Amino acid sequence: MKGRILVGGGTGFIGQEVVGLFEKLGYEVMIISRGTKTPILDGKFSWFQLLKDTDPPPRQNLKTWSDIEKDGLPSGTVAVVNTAGQNVLDPLRRWSPGFRQNVYNSRVNTNYLLAKAIIRSKVKPKAFVHMSGVGFYPPGPGVQDESSEGGKHDFLARLVTDWERAAQLPPEIPTRVISLRSGVVLGRNGGLVQQTIHPFFLGLGGRMGSGSQNMPWIHVKDLSSLIACTSVFTESSGVYNAVAPQTITNKQFVKAYAKEMGRPAIIPLPEFVLKAVFGAERASIITQSQNVQPKRLLEEEGFEFTYPTIQKAAEEFAHFMLHPEE
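Residues numbered from 1 in each chain as written. Predicted model: local features only at pLDDT ≥ 70, side-chain atom pairs only at ≥ 80, totals over all residues. Heavy atoms only, no water.

Asks: Is there a simple way to explain the pattern of salt bridges in this structure?
Replies: Side-chain pairing between opposite charges can occur once the charged atoms of the two side chains come close. By the definition in use, this model includes 8 salt bridges. Across the salt bridge formed by Arg181 and Glu164, the nearest N and O atoms sit 2.7 Å from each other. Taken as a pair, Arg181 in strand E7 (residues 176-182) and Glu164 in helix H5 (residues 155-166) lie far apart in primary sequence, 17 residues in all. Exposure class is identical for Arg181 and Glu164. Each is buried. Two residues, Glu300 and Arg296, come together in a salt bridge whose shortest N-O distance is 3.0 Å. In this pair, Glu300 and Arg296 are both assigned in helix H11 (residues 295-301), 4 residues apart and thus about one turn of the helix distant. Under the relative-accessibility criterion, Glu300 is labelled exposed at 52%. Since its relative accessible area comes to 18%, Arg296 is described here as buried. (Salt bridge = Lys/Arg side-chain N within 4 Å of Asp/Glu carboxyl O. Helix = DSSP H or I, 4+ residues; strand = E, 2+ residues; numbered from the N terminus. Buried < 20%, exposed > 50% of the residue type's maximum accessible area, 1.4 Å probe, protein only.)

Asks: What am I meant to see in empty space enclosed by the protein here?
Replies: In this approach the atoms are scanned with a rolling probe the size of a water molecule, which exposes any empty space left behind. Within the structure shown, the criterion is met by 1 cavity of 30 Å³ or more. Size it by volume and the largest cavity reaches roughly 50 Å³. As for the largest cavity, its lining consists of 13 residues, and the residues nearest its centre are Met215, Pro216, Gln246, Thr247 and Val292. Across the lining of the largest cavity, the residue classes break down as 7 nonpolar, 6 polar and no charged. (1 Å grid on protein atoms, 1.4 Å probe; cavity = no way out; pocket = protein on both sides within 12 Å on 5 of 7 lines; lining within 4 Å. Points joined across faces, edges and corners; volume = space filled by probe spheres on them. Nonpolar A, V, L, I, M, F, W, Y, C, P; charged D, E, K, R; others polar.)

Asks: Honestly, the packing of aromatic side chains in this entry has me stumped. Any pointers?
Replies: For any pair of aromatic rings, the description consists of the separation of the ring centres together with the inter-plane angle of the planes. Within the structure shown, the criterion is met by 10 aromatic pairs. Arranged with centres 4.2 Å apart and planes meeting at 20 degrees, the rings of Phe201 and Phe320 form a pair that is stacked. Of this pair, Phe201 sits in helix H6 (residues 191-201) while Phe320 sits in the segment after helix H12 (310-317), and the two are 119 residues apart along the sequence. Judged by its relative accessible area of 29%, Phe201 falls in the partly exposed class. Judged by relative accessible area, Phe320 falls into the partly exposed class, the value being 26%. With a centroid separation of 5.5 Å and an interplanar angle of 45 degrees, the aromatic rings of Phe253 and Tyr257 are classed as tilted. Of this pair, Phe253 and Tyr257 both sit in helix H8 (residues 250-261), 4 residues apart, roughly one helical turn. Take Phe253 and Tyr257: they sit in the same class, and that class is buried. One aromatic cluster is present, built from ring pairs that chain together Phe200, Phe253, Tyr257 and Phe317. The side chain of Arg107 reaches across the aromatic face of Trp163, ending 5.1 Å from its centre. (Phe/Tyr/Trp six-rings, centres within 6.5 Å; stacked < 30°, edge-to-face > 60°. Lys NZ or Arg CZ within 6 Å of the ring centre and 35° of its normal.)

Asks: Is there a simple way to explain the pairing of strand E2 (residues 28-33) in this structure?
Replies: In the case of a regular strand, side chains alternate between the two sheet surfaces. Most of E2 is tucked away: 6 of the 6 residues are buried. Here E2 shows a buried face lined by Glu28, Met30 and Ile32 and a second buried face lined by Val29, Ile31 and Ser33. Judged from the 5 bridges that link them, strand E1 (residues 4-8) and E2 form a sheet pairing that is parallel. Looking at the pairing, Ile5 lines up with Val29 of E2. This β-α-β element, E1 to helix H1 (residues 13-24) to E2, shows right-handed connectivity. Summarising the sheet, E2 and strand E3 (residues 62-64) pair through 3 bridges and their orientation is parallel. When the bridges of E3 are listed, Ser33 appears paired with Thr64. (Pairing = 2+ DSSP bridges. Right-handed = clockwise from strand over helix to strand, strands pointing away.)

Asks: Please clarify how H12 should be interpreted in this entry.
Replies: Every α-helix winds through 3.6 residues per turn, so residues three or four apart in the chain are directed the same way. By the burial criterion, the buried members of H12 are Ile310, Ala313, Ala314, Glu316 and Phe317. In a view along the axis of H12, the buried residues occupy a sector of 160 degrees, so they form one face of it. Where H12 is buried, its residues meet strand E8 (184-187), H6, strand E9 (217-219), helix H7 (220-233) and H8. (Arc of directions from axis to C-beta. Contact = heavy atoms within 4.5 Å.)

Asks: Sorry, what's going on with the packing of H6 against H8 here?
Replies: The axes of two packed helices give the description: the angle between them and the distance between them. Axis separation between H6 and H8 bottoms out at 11 Å; the angle between their running directions is 60 degrees. Relative to H8, H6 is oriented oblique. When you trace H6 past H8, the crossing you get is right-handed. For the pair formed by H6 and H8, the contact residues are Leu192, Val193, Thr196, Ile197, Phe200 and Phe201 on the first element and Phe253, Val254, Tyr257, Ala258 and Met261 on the second. Grouping the amino acids of the contact of H6 with H8 by side-chain chemistry returns 10 nonpolar, 1 polar and no charged. (Axes fitted to C-alpha atoms, helices over the stretch in contact; angles between N-to-C directions. Parallel < 35°, antiparallel > 145°, perpendicular 65-115°, else oblique. Left-handed = near helix turned anticlockwise from the far one by under 90°.)

Asks: Where do I start with the side chain of Asn250 in this structure?
Replies: Tracing the backbone through its elements, the reader meets Asn250 in helix H8. A relative accessible area of 2% means that Asn250 is categorised as buried. A distance of 2.8 Å separates the side chain of Asn250 from the backbone nitrogen of Met208, its partner in a polar contact. (Polar contact = N/O pair within 3.5 Å; in protein donor to acceptor, adjacent residues only side chain to side chain.)

Structural data, given as structure tokens:
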């Protein structure tokens with residue numbers, strides 16, 4: 001065994017990919033979740049598994065957030081990864097003060113708890129990698145890279161500021177801190193694709209808002225590879241824009257998505273409908289334009305994307321059926 005990786009939110013969409021990748025790489029993975037009940041990981045056990053009338057194998061390496069707060073990091077932890085966070089674009093949840101607080105706490109408080117656990121640990125992990133968001137940057141046509149200013153213009157921008165601040169460690173702690181400002185994460189098993197796969201399959205998909213807005217994005221498999229690279233394979237530290245190098249509009253995303261599904265995409269989702277469902281503040285995640293570039297990943301890290309274009313990404317995620325190996 002190469003060491004132990006502690007993954008907060010390891011049962012979620014991004015977390016599952018991260019867990020699976022580290023296990024393939026020969027690491028022991030410890031998952032932090034809200035409860036100790038063995039989860040059914042959506043990407044590995046879907047309706048196909050249920051038809052076989054078998055139960056998923058029990059996962060022993062589970063901790064709760066209370067366990068980490070009380071006991072600290074498990075021994076042998078070489079890296080800490082936090083992918084935890086309440087889904088901001090949950091259409092079933094009203095954008096109320098209580099829900100906004102849940103969105104905030106699930107990100108900021110978990111980062112703060114893990115940072116405290118690292119400070120208390122006798123043997124420090126090599127890296128602490130956590131998710132963040134491109135919502136840090138104000139909307140507009142200008143190119144944004146890691147040196148661009150932001151973090152103040154709305155609730156989501158201020159959230160990112162606090163999210164990243166909560167992960168910071170005192171300078172005497174040798175653990176590297178990596179903040180990944182992610183765009184829209186695309187993958188068959190969660191996020192935007194999972195929420196829209198049924199209407200697109202039925203030929204009811206279309207542009208979202210005007211469709212002309214730039215849409216920063218990354219494939220979930222590239223994101224999990226990036227997490228692995230920055231945590232255990234490089235000496236990376238600081239903020240990275242976790243977005244694909246190809247700048248696309250929402251229309252281009254929809255076109256590639258529908259093409260791979262073999263369906264038309266001619267029914268638009270107007271901005272006023274998005275605002276009615278999500279509220280104006282949340283709807284802006286979809287309707288406002290940002291041109292975010294992964295400058296540090298390309299120029300400093302030389303990171304190679306498996307899915308650098310939306311066409312290649314759509315070939316992987318734009319299929320209705322879930323296969324057993326997924």
